[in-house]
Amino acid sequence: MKAVVLPAFGDPSQLELRNVSDPSAGPGELKVRMSGASINPVDWKLRSGALQGRMPLELPAILGRDCAGTVLELGKEVSGFKVGDRVMGLVNRGYAELVVAGVDAWAHVPPNLELVDAGALPLVLLTGSQLVEEATKPRAGDALLVTGALGSVGRVAVFAAKALGAKVWAGVRGKQKSEAAKLGADAVVALDDEAEVAALPELDCVADTVGGETIQKLLSKVKRGGTIGSVVGEPPGAKERGLVVHPMLAHPDSKRLAELGRAVAEGRLTLPIAKKLPLAAAAEAHRLAEKGGIGGKIVLVGAS
Ligand SMILES: NC(=O)c1ccc[n+]([C@@H]2O[C@H](COP(=O)([O-])OP(=O)(O)OC[C@H]3O[C@@H](n4cnc5c(N)ncnc54)[C@H](OP(=O)(O)O)[C@@H]3O)[C@@H](O)[C@H]2O)c1
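Here the structure is a predicted model, which means the values were calculated and not measured.

### Comments concerning the sheet that holds strand β13 (residues 244–247)
Then, in step 1: Reading across from one edge, β10-β9-β8-β11-β12-β13 is the order of the 6 strands in this open sheet, with parallel pairing throughout. Whereas interior strands pair on both sides, the edge strands pair on one side only; in this sheet they are β10 (187–190) and β13. The sheet shows a mean angle of 20 degrees between the axes of neighbouring strands, direction not considered.
Then, in step 2: Where strand β9 (residues 167–172) lies against β10, 4 bridges are found, and the strand directions are parallel. Within β10, the position partnered with Ala170 by the bridge is Val188.
Then, in step 3: Contacting β8 (143–147), β11 (203–208), β12 (222–230) and β13, helix α3 (residues 122–136) crosses the sheet at an angle of about 135 degrees to β12.
Then, in step 4: Contacting β8, β9 and β11, helix α4 (residues 152–163) runs over the sheet at an angle of about 165 degrees to β8.

### Concerning the domain arrangement of the protein chain
Then, in step 1: Taken domain by domain, the protein chain consists of domain 1 (2–121 + 271–301) and domain 2 (125–247).
Then, in step 2: With 4 residues of domain 1 at the interface, the matching set in domain 2 holds 4 residues.
Then, in step 3: For the side of domain 1 that touches domain 2, a count of residues per class yields 3 nonpolar, no polar and 1 charged.

### Examining helix α8 (residues 254–265)
Because an α-helix completes one turn every 3.6 residues, residues spaced three or four positions apart along the sequence face the same direction.
Then, in step 1: The first and last C-alpha atoms of α8 sit 16 Å apart over 12 residues, in line with the 16 Å expected at 1.5 Å per residue.
Then, in step 2: Those residues of α8 that fall on the buried side of the exposure criterion are Leu257, Leu260, Gly261 and Val264. Within α8, the buried residues cover an arc of 110 degrees as seen down the axis, which keeps them to one side.

### Regarding helix α9 (residues 282–291)
Then, in step 1: Buried residues of α9: Ala282, Ala285, His286 and Ala289, and no others. Axial view of α9: buried residues confined to an arc of 100 degrees, hence all on one face.
Then, in step 2: Where α9 is buried, its residues contact β1 (2–5), α1 (41–48), β14 (273–278) and β15 (297–301).
Then, in step 3: Positioned one or two residues after α9, Gly292 has a phi angle of 80 degrees, which is positive.

### What to know about the site of the ligand
Then, in step 1: Within the structure, the ligand sits among 25 residues, and Pro41, Gly148, Gly151, Val153 and Val231 are positioned closest to it.
Then, in step 2: Breaking the shell around the ligand down by element, the ones donating at least two residues are α1, α3 and α4.
Then, in step 3: The class makeup of the residues in the shell around the ligand is 14 nonpolar, 10 polar and 1 charged.
Then, in step 4: For the shell around the ligand, the two domains that each supply at least three residues are domain 1 (2–121 + 271–301) and domain 2 (125–247).

### Focus on the pairing of β9
Then, in step 1: With 5 of its 6 residues buried, β9 lies for the most part within the structure.
Then, in step 2: Sheet analysis places β8 next to β9, joined by 5 bridges and oriented parallel. Bridged to Leu144 within β9 is Val168.

### What to know about the environment of Val210
Then, in step 1: For Val210, the location among the structural elements is in the loop between β11 and α7 (212–216).
Then, in step 2: Taking the C-alpha atoms as reference points, Val210 and Gly151, separated by 59 residues in sequence, lie 9.4 Å from one another.
Then, in step 3: Setting aside residues up to four positions removed in sequence, Val210 forms contacts with Thr147, Gly148, Ile215 and Val232.

### Considering unusual backbone geometry
Then, in step 1: The step from Leu59 to Pro60 runs through a cis peptide bond, and the omega angle for that step is -5 degrees.
Then, in step 2: Tracing the chain through its elements places Pro60 in the loop between α1 and β4 (66–74).
Then, in step 3: Here Arg93, not a glycine, exhibits a phi torsion of approximately 60 degrees, which is positive.
Then, in step 4: Of note, Arg93 is situated in the loop between β5 (86–90) and β6 (98–102).
Then, in step 5: Positioned with a positive phi, Lys137 is a non-glycine residue whose angle comes to about 45 degrees.
Then, in step 6: Along the polypeptide, Lys137 turns up in the loop between α3 and β8.

Calculation notes
- The residue numbering used here restarts from 1 in each chain and proceeds along that chain's sequence as written.
- The predicted nature of this model means local features are confined to residues of pLDDT at least 70 and side-chain atom pairs, given and counted, to a pLDDT of 80 or more, with totals for whole chains, interfaces and linings taken over all residues.
- Pairs of strands are assigned from DSSP output, requiring at least two bridges between the strands.
- Think of it this way: any DSSP run of H or I at least four residues long counts as a helix, any run of E at least two long counts as a strand, and we number them from the N terminus.
- As a rule, the C-alpha atoms of each element are fitted with a line to give its axis, helices using only the stretch in contact, and angles between N-to-C directions run from 0 to 180 degrees.
- In this description, any two residues whose backbone-derived C-beta atoms lie within 7 Å of each other are considered to be in contact.
- Domain extents, as shown, originate in an automatic or database domain assignment.
- Asp, Glu, Lys and Arg are counted as charged, while Ala, Val, Leu, Ile, Met, Phe, Trp, Tyr, Cys and Pro are counted as nonpolar; the rest, among them Gly, fall into the polar class.
- The length a helix should cover is 1.5 Å for every residue beyond the first.
- In this scheme the burial state of a residue depends on its C-beta neighbours within 10 Å: 20 or more other such atoms mean buried, 12 or fewer mean exposed, and anything in between means partly exposed; the C-beta positions come from the backbone.
- Here, the arc refers to the directions that run from the helix axis to the C-beta atoms.
- Only the C-beta atom matters for nearness: placed from the backbone, it must lie within 6 Å of the molecule or strand for the residue to count as near.

Here is the structure:
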């Protein structure tokens, strides 16, 4: 099969389309012909070598945390799926024509969702929902602010927090405010506007997808005993202020992935796709995604 291989850490030009051996489905695993695989920020952080301290990657490696496609082969002891099913999953080695992962990683793709587009969903759907439901855990009526609310994880976090009955502030850049008004949050706040941040009411919790200075300037707005859920690491100084901090890493959840996939298919949750590129253009995809500000996911297109 063809796959995008990373032979050495460095800039996007390191990514090469190569012929590699086909993977096979072991016990409890599905082999899928990939139709769409998305670029996520963790991919370029891994590619550069920046995460070697925390998430060591052995080279040569195939990147890619999610994809969608058609089931080609079932390993022993697999139930709930059959050859030909349309699935999406939280995987490893997604930038490849064939992708193998344990059955728990996969969920069915709703019939009215394009398979290529479904490849953009698994990591951000699971991360955004788990950030709210497992790390931040607002109660109905709690004042919750999502940082980076117009990002892919942020959009899902806003959706999940509203579903739990929280009062949600979408935290974005000032120039993104009109776009953010469509997110379905109760209010929008420009996180780069000191006066707007100062005018925020006391918050019960923050679901953080940005980190750095952005979360630092919000710490004083969260009530003592309030919670910071984070997908970007623990903010320094938060515990010292009496806040509860829950950093998290996304994990597979087939059932929740299927439910959130239906929300996307039914138009209740919007995750824009900014660009679709062939697998061979992975380097260009990384350059674009890493630059930021493109307003949506980039999907690598595999088999049709
Ligand atoms: N822990 C985990 O399991 C896990 C899983 C998935 C993702 N993540 C992490 O979560 C983060 C978000 O991922 P994503 O896929 O949602 O990325 P994304 O789609 O690029 O979204 C990031 C969003 O944050 C915005 N942003 C960046 N800096 C900001 C600032 N200072 N003020 C306001 N908004 C700001 C961006 O706006 P612009 O586009 O204008 O820059 C963008 O809307 C990444 O760091 C990623 O590595 C963690």
